[in-house]
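Letter by letter, the chains look like this.
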Amino acid sequence: HFFPLDVIKRNIDGLADVKMNVFHWHLSDDQGIRVESKIFPKLHELGSDGFYYTQEEIKGIVKYAGDRGIRVIPEFDVPGHSTAYLVAYPELASGPGPFKIERNWGIFDPTFDPTNEKTYEFLDKFFGEMTTLFPDEYFHIGGDENNGKQWDSNKKIQSFMKENKIKDNHELQAYFNKRLIEILKKYNKKMAIYQDIIEI
């Protein structure tokens, strides 16, 4: 969901009232990309239905939270839950497009291609831009609920796995995660992920 700024601030006030000090802000999913990107403007232009936060609004929320002793940890979910990214950049997908923003909830097939070097070039630039907005040391990449269907049906990905002795999709996602760890290290960030992919 997209929530207006006043709702975000009200929730931050609630966190402060009950002495909680972390706001985990889920900013991308199959249903939308919710942050303005000046490097990749098609993300918010095509992947948000017009419901996104400008970079100045993001900075304002980070300051509002910080003034109340609350850290803001952003989440940009990859490699699954990526439909909204792939609406804008279908060439990074593991399966054929075109893609449309999802209107319902669930686990969907569209997934970034972890064997395409352009995937890492894109995520390096995008994460690099996003890390300038969020000063916290942690940066969440989601990683959950990748059903692997597009990986299984992509001959190029299957060939890559065989050549690199990657035995299953779990190991392929571990390969993807390790690549992202190195990207985020460049920006002095520690990568956070969901528990279902913790074994990397």
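Residues numbered from 1 in each chain as written. Predicted model: local features only at pLDDT ≥ 70, side-chain atom pairs only at ≥ 80, totals over all residues. Heavy atoms only, no water.

Now for the layout of surface pockets. Any space left empty among the atoms is revealed by the rolling of a water-sized probe across them. In this model, the largest pocket occupies a volume close to 320 Å³. As for the largest pocket, its lining consists of 18 residues, of which His1, Phe3, Trp25, His26 and Leu27 are closest to the centre. Mapped onto the lining of the largest pocket, the elements with two or more residues apiece are α1 (5-17), β1 (22-26) and β2 (28-29). Each residue belonging to the lining of the largest pocket can be placed in one class, and the counts come to 9 nonpolar, 7 polar and 2 charged. (1 Å grid on protein atoms, 1.4 Å probe; cavity = no way out; pocket = protein on both sides within 12 Å on 5 of 7 lines; lining within 4 Å. Points joined across faces, edges and corners; volume = space filled by probe spheres on them. Helix = DSSP H or I, 4+ residues; strand = E, 2+ residues; numbered from the N terminus. Nonpolar A, V, L, I, M, F, W, Y, C, P; charged D, E, K, R; others polar.)

Further remarks concern the nonpolar core. Residues Trp25, Phe76, Tyr85, Phe122, Phe127 and Leu180 are the most contacted members of the largest nonpolar core, which totals 47 residues. Of all elements in the fold, only α1, β1, α3 (55-66), α4 (83-88), α5 (117-131) and α8 (169-186) reach the threshold of two or more residues within this core. At 6 residues, the largest contribution of residues to this core is made by α5. Among all residues touching Phe127, those that are not within four sequence positions of it are Phe76, Val78, Phe139, Ile141, Leu180 and Leu184. Counting 6 residues, the second-largest nonpolar core is a separate cluster that includes Trp151, Phe160, Met161 and Leu172. (Core = buried A, V, L, I, M, F, W, Y, C linked by side-chain atoms within 4.5 Å. Buried < 20%, exposed > 50% of the residue type's maximum accessible area, 1.4 Å probe, protein only. Contact = heavy atoms within 4.5 Å.)

Moving on, we come to the pattern of salt bridges. The tally for this structure, following the rule as stated, stands at 11 salt bridges. Here Asp13 and Arg68 are joined by a salt bridge, their closest N and O atoms 3.1 Å apart. Here Asp13 is found in helix α1, whereas its partner Arg68 is found in the loop between α3 and β4 (71-75), with 55 residues between them in sequence. Residue Asp13 is classed as partly exposed on the basis of its relative accessible area, which comes to 29%. The residue Asp49 makes a salt bridge to Arg103 at a minimum N-O spacing of 2.5 Å. Remark: Arg103 occurs in the loop between α4 and α5 and Asp49 occurs in the loop between α2 (42-46) and α3; sequence separation between them is 54 residues. (Salt bridge = Lys/Arg side-chain N within 4 Å of Asp/Glu carboxyl O.)

What follows concerns the environment of Phe108. Its place among the elements puts Phe108 in the loop between α4 and α5. The sequence separation of Phe108 and Ser82 amounts to 26 residues, and the corresponding C-alpha distance is 8.7 Å. If we ignore the near neighbours within four places in the chain, the residues touching Phe108 are Asp30, Gln31, Thr83, Glu102 and Asn147.

Here α3 is 12 residues long and its end C-alpha atoms lie 16 Å apart, about the 16 Å a rise of 1.5 Å per residue gives. All buried positions along α3 are accounted for by Gln55, Ile58, Ile61, Val62, Tyr64 and Ala65. Close packing links the buried residues of α3 with α1, β1, β4 and α5. (Expected span 1.5 Å × (residues − 1).)

Turning to helix α7 (residues 155-163), a few remarks are in order. Buried within α7 we find Ile157, Phe160 and Met161. When α7 is viewed along its axis, its buried side chains cluster within an angular range of 100 degrees and face the same direction. Facing away from the buried side of α7 by more than 90 degrees, the exposed set consists of Lys155, Lys162 and Glu163. Residues of α7 that are buried sit in contact with α6 (149-153) and α8. One side-chain oxygen of the residue at the start of α7 lies 2.9 Å from the amide nitrogen of Lys156, identifying that residue as Asn154. One or two residues past the end of α7 sits Lys165, with phi positive at roughly 55 degrees. (Arc of directions from axis to C-beta. Polar contact = N/O pair within 3.5 Å; in protein donor to acceptor, adjacent residues only side chain to side chain.)

Turning our eyes to something else, we now look at the side chain of Asp124. By secondary structure assignment, the location of Asp124 is in helix α5. What makes Asp124 buried here is its relative accessible area of 16%. Here the side chain of Asp124 touches Tyr187 through a polar contact of 2.5 Å, side chain to side chain. Contacts of Asp124, omitting those with residues within four sequence positions, involve Ile183, Lys186 and Tyr187.

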